[in-house]
Amino acid sequence: MGATHRIEQTRIETEIAETMNPAVSGKTSNSNATAPLVRTLGIIGGGQLAKMTAIAAAQLGCRIVVLERSADCPAASVAAQTLVGDLNDLDALLRLAGMVEVVTLENEFVNPDVLARVEQAGHAVWPTASTMRLVQDKLIQKETLLQAGLPVPRFAPAPTLEAALAAAAQFGWPVVLKRRKLGYDGKGNATARSAAELESSWAYLDGLKNPLYVEEFCPFRTELAVIVTRSRTGEAVVYPVTETINRNHICNITKTPAPVPRDTAQKVVELAQRAADAINMVGSMGLELFWREDGTVLINEIAPRVHNTGHYTIEACECSQFENHVRAVLGWPLGSPAMRAPAAVMVNLLGHAEGIGTPFGLTQALSVPGAHVHIYGKTRTSPGRKMGHVTALGQTLDEALALAQRAANCIRFGQPE
Ligand code: ADP
């Protein structure tokens, strides 16, 4: 599609949005000013999280517009329209906001100052710019959680290598050096076992260019995760606790409910609720936690968005994390997070090698009864890139795991072109 055509399409779509939705144009309808005919939702970002949110929203009769850097992003196959633009470009965000009733986000990387400008222009953004400000910088996030009385690993700012070394002397080795911003899937972290390693980690993460902080290393029994959805009025629903198995810092498998004692699960649920309150979250968010040998839990990090560890909720729960996110940001009642089966396992489909995004072996995977296969529709793959996932339900975690794994093993992303 040429640029002129795209602009024209945008103008036409804006007009359509104005006719259908009084909230977009600021015009009031005579019949019912508070009930637009079509609920419209804008998503900043067009990846797999936006796609699955858009599917849930479309099911509820909503019209979705996404903003993404490229027109062939995963969510484009579901959205009513895809705007092409930079996610931090104020004009692009205002264009998106002007076409919809509510704007939401699929990742935490959008500049909160730019988001605040969108809010100041009179648009509804959920979660808000101030929520994003508390989460995006992981040092501020940890401080926010600590101030709310929530358990986190010991941490300290590391504006200089000397500050990082001083913190390590206090915490003991090893320590984890982390970028304060833009880290994901372990990119932006380095574990150091000695002063020499800390020095090379500092150089590797480029501490002069990228603000860093340092954390005590927490040996854990397993990693846990949980999804909580919080409404605009502060009610929250918390999903069952999940065990996550990571490979190379990337989520590989989730098992729900996590095989942990009842009081541990209850504690995690309580922490999820309190964390969502602490950042005044609106929508679905994910918490990642360490379950330690002594039975206690620490919050590793929170993500103010739908989360990979909650993909199982699509098939396994009465109302998925995606549907509940849509309900929350549009001000609708939240749905039940209760599971529909005793156990659910999700296996991520990660790219094997550089190549086109076509899945090989899909037909074999689809021949596994009871395996729910999701392909995100990315045009390119690379090693470790999240290309899809498989969820299976069962009477036991072992049964669900065997089923999900059987289907996942059939699929390969990254074949020679
Ligand atoms: P990202 O946001 O890039 O995923 P995380 O901070 O969640 O980075 O870290 C990725 C993984 O590294 C975690 O899932 C965990 O396995 C390990 N990790 C992170 N911080 C610590 C820590 N303080 N102690 C032990 N392991 C850690």
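The structure this text deals with has already been given above.
Calculation rules
Residues numbered from 1 in each chain as written. Predicted model: local features only at pLDDT ≥ 70, side-chain atom pairs only at ≥ 80, totals over all residues. Heavy atoms only, no water. Phe/Tyr/Trp six-rings, centres within 6.5 Å; stacked < 30°, edge-to-face > 60°. Helix = DSSP H or I, 4+ residues; strand = E, 2+ residues; numbered from the N terminus. Buried < 20%, exposed > 50% of the residue type's maximum accessible area, 1.4 Å probe, protein only. Lys NZ or Arg CZ within 6 Å of the ring centre and 35° of its normal. Pairing = 2+ DSSP bridges. Axes fitted to C-alpha atoms, helices over the stretch in contact; angles between N-to-C directions. Contact = heavy atoms within 4.5 Å. Core = buried A, V, L, I, M, F, W, Y, C linked by side-chain atoms within 4.5 Å. Arc of directions from axis to C-beta.

A. Expanded view of the packing of aromatic side chains. Inspection of every chain in the model, using the stated rule, returns one aromatic pair. Ring geometry for Phe 220 and Phe 290: centres 5.1 Å apart, planes at 0 degrees, overall stacked. Pair noted here: Phe 220 is in the loop between strand 9 (212–216) and strand 10 (222–230) and Phe 290 is in strand 14 (residues 283–291), with a separation of 70 residues, a long-range link. For Phe 290, a relative accessible area of 8% gives the class buried. Against the face of Trp 291 rests Arg 221, its NZ or CZ located 4.1 Å from the ring centre.

B. Layout of the sheet that holds strand 9. Within the open sheet, the four strands sit side by side as 6-9-7-8. Their pairing is antiparallel. A single partner strand is all that each edge strand has here, and the edge strands are strand 6 (155–158) and strand 8 (189–192). Going from strand to strand, the sheet's axes swing by 25 degrees on average, the running direction of each strand aside. Each of strand 6, strand 7 (175–179) and strand 9 touches helix 8 (residues 161–171); the most contacted strand, strand 6, lies at about 165 degrees to it. Each of strand 6, strand 7, strand 8 and strand 9 touches helix 9 (residues 195–205); the most contacted strand, strand 8, lies at about 170 degrees to it.

C. Molecular detail of the nonpolar core. Ranked by internal contacts, the top residues of the largest apolar core, which has 28 residues, are Leu 224, Val 226, Met 285, Leu 287, Leu 289, Ile 299 and Ile 302. Those elements that place two or more of their residues in this core are helix 7 (138–147), strand 10, helix 10 (262–278), strand 14 and strand 15 (297–303). For this core, the leading source of residues is helix 10, giving five residues. In this structure Ile 299 touches Lys 142, Leu 145, Leu 150, Pro 151, Val 152, Pro 153, Leu 271, Leu 287, Glu 288 and Leu 289, once residues within four positions along its chain are discounted. Judged by nonpolar contacts, the second largest core, of 22 residues, contains Leu 96, Ala 97, Val 114 and Met 132.

D. Quick peek at unusual backbone geometry. Note that the residue after Trp 126, namely Pro 127, is joined by a cis bond; omega there is -5 degrees. Here Pro 127 is to be found in the loop between strand 5 (124–125) and helix 6 (129–136). A cis amide bond, omega -10 degrees, links Trp 173 with the succeeding residue Pro 174. One can find Pro 174 in the loop between helix 8 and strand 7. Even without glycine at this site, Asp 206 takes up a positive phi of about 55 degrees.

E. Layout of helix 6. Taken as a whole, helix 6 has its buried residues at Ala 129, Thr 131, Met 132, Val 135 and Gln 136. Take helix 6 and look down its axis: the buried residues cluster within an arc of 150 degrees, on one side only. On its buried face, helix 6 is in contact with strand 4 (102–105), helix 5 (112–120), helix 7 and strand 15.

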